[in-house]
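# A structural walkthrough
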Amino acid sequence: MSWTGWLIFFLVLQVVHALGTWKMYVAAGRKAWETFVPVYNAVIFMKILNRPWWYVFLLFLPVVNLIMFIVVWVEALRSFGYNNAKDTILVIVTGGLYLYYINYTQPLNYIEDRSLVPRTNAGEWTSSILFAVVAATIVHTYVMQPFIIPSPSLEKTLLTGDFLFVSKMHYGPRIPMTPVALPMVHDTIPVAHVKSYMESPQIPYTRIPGFSKIKRNDIVVFNWPADTIYGYPSLDGLYHYKPIDKKSNYVKRCVGIAGDTLSIINGKVHIDGLPLELPERAKLQYSYYSETKGRTIDSKVLKEEYDVTDGIQQGYKQGSDVPAAFFSAATQEAATALESTDNILKMQRQIDSAGSWRPNIFPYNSQIANNNDNVAPFLIPKKGMTTAIDYKNVDYYKRIIEVYEGSEMHELNTVAVNGKSVYLNGKPLTTYTFKQNYYWLMGDNRHNSADSRSWGFVPENHVVGKPVFVWMSMDWSSGLPSFRFDRMFTTVNGDGQPTSYLWVLIVGILGYIGYKKFGKKKTKK
């Protein structure tokens with residue numbers, strides 16, 4: 001729904017509210033006309049309900065407002081003496097329309113300076129739970145969201161089993177585009193395994209300004225662009241439509257920002273022709289092949305002495321009886337250390353040679369012939385940038401034009417190539433001006449990561465936030481879970497090696513306990 005559509009809907013909602021409550025305003029000593037003035041009527045209604053004026057802001061926060069509407073309906077009934085369970089149930093079940101029945105057919109005896117303290121324990125519990133949910137929803141949606149690392153694509157920088165807090169404030173909180181959804185769940189209701197949202201209506205993409213922009217090497221949480229029926233080639237047809245903010249959450253490192261010209265040469269990312277300098281704590285991993293002297297390589301020793309935790313395959317060199325091993329992921333430091341052992345003859349990094357084409361690598365064009373380790377230079381689009389479009393480069397920008405900058409659900413653009421001519425919706429396309437910024441994100445585990453090499457650019461409207469610290473970390477590799485205490489309360493981004501601030505939390509907890517125990521005694525004396 002466009003902003004014009006939302007404005008019309010808002011005005012209609014104002015009329016519905018006014019017609020259903022104007023007698024309540026009059027009974028509370030206000031003027032009937034105040035009921036019909038948008039926003040101002042909400043401020044006056046909060047006064048009638050004996051609630052603070054800033055509650056009005058909560059009525060306009062998507063997702064949060066679904067809870068606040070229920071709170072306001074119930075509070076309106078209680079302000080005029082309708083406190084029983086029947087009234088509460090009816091106003092909720094009817095979506096607030098029960099207020100019409102009260103407004104036009106029942107006596108309206110306004111209770112001025114109504115006590116806000118619930119009369120029963122059940123009421124007190126209900127009130128506490130409601131406002132706890134409201135507060136948690138505000139924090140989860142607009143400030144900070146918990147997130148768990150589900151896959152090894154960022155090993156050894158972030159580990160599978162790391163629990164993160166993701167800041168929405170750094171890049172700016174994104175207003176939920178799917179306003180009718182259950183709070184604090186993503187796309188699926190746990191246990192029930194059904195959708196947690198309604199696909200329509202949709203709010204146009206809007207982001208509240210943050211206090212930083214996405215920089216190269218930032219680790220970023222985003223909605224997976226391919227999590228939709230319009231996925232990249234190997235996924236087409238496997239996924240139903242999902243609104244942008246309900247697509248799966250992924251986390252990768254941003255190696256290219258809007259306006260960069262990016263290339264990959266033998267596994268090394270280059271920006272504008274220069275190698276990308278990674279922060280010290282970034283630990284790139286690649287696949288390695290080695291011939292061995294026949295002895296079995298102990299996985300426990302690999303983990304404890306060389307920090308190689310991904311599984312290895314041991315067997316024989318193809319077509320011979322020479323013992324060999326394949327390491328799916330290891331850092332250069334680990335590979336060098338392993339090569340110095342007696343059991344391993346030589347660690348040879350596996351690499352796709354330049355010119356060898358992998359059809360599942362963006363932009364899926366054999367003439368460009370990209371692969372995991374070698375990608376030809378290309379431009380990452382920037383908002384407002386105009387670039388020439390021809391049959392040679394259109395595959396880089398086709399999905400942007402067709403999907404990301406149209407309506408994914410209803411009004412897809414169509415880009416077609418006929419000979420050496422390119423057409424957009426049947427009309428010649430020679431240049432295109434981009435409507436938003438785009439980014440290129442990759443996993444540090446370079447040979448074990450589904451990232452921009454597979455699906456292409458990540459649009460700015462898919463960005464969720466920036467991970468700020470690991471608050472808990474669990475190791476499941478041995479079957480039984482164990483805590484990684486050295487990773488708890490460590491920062492995610494930044495220079496230098498991660499440092500745990502768990503001691504700060506422990507000191508804080510002990511200080512609070514001491515204050516509660518000894519401070520109270522002192523107060524009593």
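This structure is a prediction, so every number in the text was calculated from the model and none was measured. (Residues numbered from 1 in each chain as written. Predicted model: local features only at pLDDT ≥ 70, side-chain atom pairs only at ≥ 80, totals over all residues. Heavy atoms only, no water.)

Now for the overall build of the protein. When helices and strands are tallied, the protein shows 12 helices and 24 strands. Taken over the C-alpha atoms alone, the protein extends approximately 95 × 80 × 40 Å along its principal axes. Long-range contacts, defined here as pairs at least 24 residues apart, represent 66% of the contacts in the protein between residues at least 6 apart. Counting every atom, the protein has about 27000 Å² of accessible surface; 61% of that belongs to carbon and sulfur. Within the protein, one finds 53 positive and 42 negative side-chain charges whose respective centroids are separated by 9 Å. (Helix = DSSP H or I, 4+ residues; strand = E, 2+ residues; numbered from the N terminus. Contact = heavy atoms within 4.5 Å. Areas by Shrake-Rupley, 256 points an atom, 1.4 Å probe, with all protein chains shown as cover. Lys, Arg positive; Asp, Glu negative; His and termini not counted. Charge placed at Lys NZ, Arg CZ, Asp CG, Glu CD.)

The next point concerns a nonpolar patch on the surface. A cluster of nonpolar side chains, L505, I506, I509, L510, Y512 and I513, forms an exposed patch at the surface whose accessible area comes to about 570 Å². Among the structural elements, I506 can be located in helix α12 (residues 502–524). (Patch = residues over 30% accessible without salt bridge, like charges linked within 9 Å, V, L, I, M, F, W, Y side chains within 5 Å. Salt bridge = Lys/Arg side-chain N within 4 Å of Asp/Glu carboxyl O.)

Inspection of every chain in the model, using the stated rule, returns 1 cavity of 30 Å³ or more. Counted as a void, the largest cavity has a volume near 40 Å³. Surrounding the largest cavity, G267, K268, V269, L276, L278, L284, Y286 and R446 form its lining. The residue inventory of the lining of the largest cavity, partitioned by class, reads 5 nonpolar, 1 polar and 2 charged. (1 Å grid on protein atoms, 1.4 Å probe; cavity = no way out; pocket = protein on both sides within 12 Å on 5 of 7 lines; lining within 4 Å. Points joined across faces, edges and corners; volume = space filled by probe spheres on them. Nonpolar A, V, L, I, M, F, W, Y, C, P; charged D, E, K, R; others polar.)

The next point concerns the packing of helix α4 (residues 64–78) against helix α5 (residues 85–93). Axis separation between α4 and α5 bottoms out at 10 Å; the angle between their running directions is 140°. On the basis of their axis angle, the class for α4 and α5 is oblique. Judged by the twist between their axes, the crossing of α4 over α5 is right-handed. Residue-level contacts link I70, W73, V74 and L77 of α4 to D87, T88, V91 and I92 of α5. (Axes fitted to C-alpha atoms, helices over the stretch in contact; angles between N-to-C directions. Parallel < 35°, antiparallel > 145°, perpendicular 65-115°, else oblique. Left-handed = near helix turned anticlockwise from the far one by under 90°.)

It is possible for side chains bearing opposite charge to pair when their charged atoms get close. Taken as a whole and judged by the stated rule, the model has 17 salt bridges. Note that E155 is salt-bridged to K156, the shortest N-O span being 3.6 Å. Here E155 matches K156 in class, with each residue buried. A salt bridge links D444 to R253; its shortest N-O distance comes to 2.8 Å. With D444 in the loop between β20 (438–442) and α11 (452–455) and R253 in strand β6 (residues 249–256), the pair connects residues that are 191 residues apart, well separated along the chain. Take D444 and R253: they sit in the same class, and that class is buried. Counted as one network, the salt bridges with shared partners bring together D162, K303, D475, R484 and R487. (Buried < 20%, exposed > 50% of the residue type's maximum accessible area, 1.4 Å probe, protein only.)

Here we take up helix α2 (residues 40–48). Looking at α2, one finds that the buried residues are N41, A42, I44, F45, M46 and I48. Considering only its buried residues, α2 is in contact with α1 (3–27), α3 (55–59) and α4. Backbone geometry just after α2 places N50 at a positive phi near 65°.

Reported here for the largest pocket is a volume of approximately 1100 Å³. Residue lining of the largest pocket: 36 residues in total, with F9, L13, L59, N65 and F69 positioned closest to the centre. Mapped by element, the contributors of at least two residues to the lining of the largest pocket are α1, α2, α4 and α6 (98–105). Looking at which element gives the most residues to the lining of the largest pocket, the answer is α1, with 11 residues. Among the residues making up the lining of the largest pocket, the classes are represented as 27 nonpolar, 9 polar and no charged.

Inspection of every chain in the model, using the stated rule, returns 35 aromatic pairs. Ring plane angle 90° and centroid distance 5.6 Å describe the contact between W6 and F9, whose orientation is recorded as edge-to-face. Of this pair, W6 and F9 both sit in helix α1, separated by 3 residues, roughly a single helical turn. On the basis of relative accessibility, which here comes to 16%, the residue W6 falls in the buried class. Judged by relative accessible area, which is 42%, F9 ranks as partly exposed. Ring centres of Y55 and F131 lie 6.0 Å apart, and the angle between their planes is 45°; this geometry places the pair in the tilted category. In this pair, Y55 is assigned in helix α3 and F131 in helix α7 (residues 121–143), connecting sequence segments 76 residues apart. Relative accessible area serves as the criterion here: at 8%, Y55 is assigned to the buried category. Here the aromatic cluster, defined as three or more aromatic residues joined through ring pairs, consists of F362, Y364, F378, Y396, Y397, Y404, Y432, F434, Y438, W440 and F457. The aromatic ring of Y286 is capped on one face by R349, whose charged end is 3.9 Å from the ring centroid. (Phe/Tyr/Trp six-rings, centres within 6.5 Å; stacked < 30°, edge-to-face > 60°. Lys NZ or Arg CZ within 6 Å of the ring centre and 35° of its normal.)

With that out of the way, let us pick up α5. Considered for burial, the residues of α5 that qualify are D87, T88 and V91. End-on view of α5: buried residues confined to an arc of 100°, all on one side of the axis. Facing away from the buried side of α5, by more than 90 degrees, are the exposed residues A85, K86 and V93. Contacts from the buried residues of α5 go to α4 and α6. Capping of α5 at its N-terminal end is provided by N84; its side-chain oxygen lies 3.2 Å from the backbone amide nitrogen of K86. (Arc of directions from axis to C-beta. Polar contact = N/O pair within 3.5 Å; in protein donor to acceptor, adjacent residues only side chain to side chain.)

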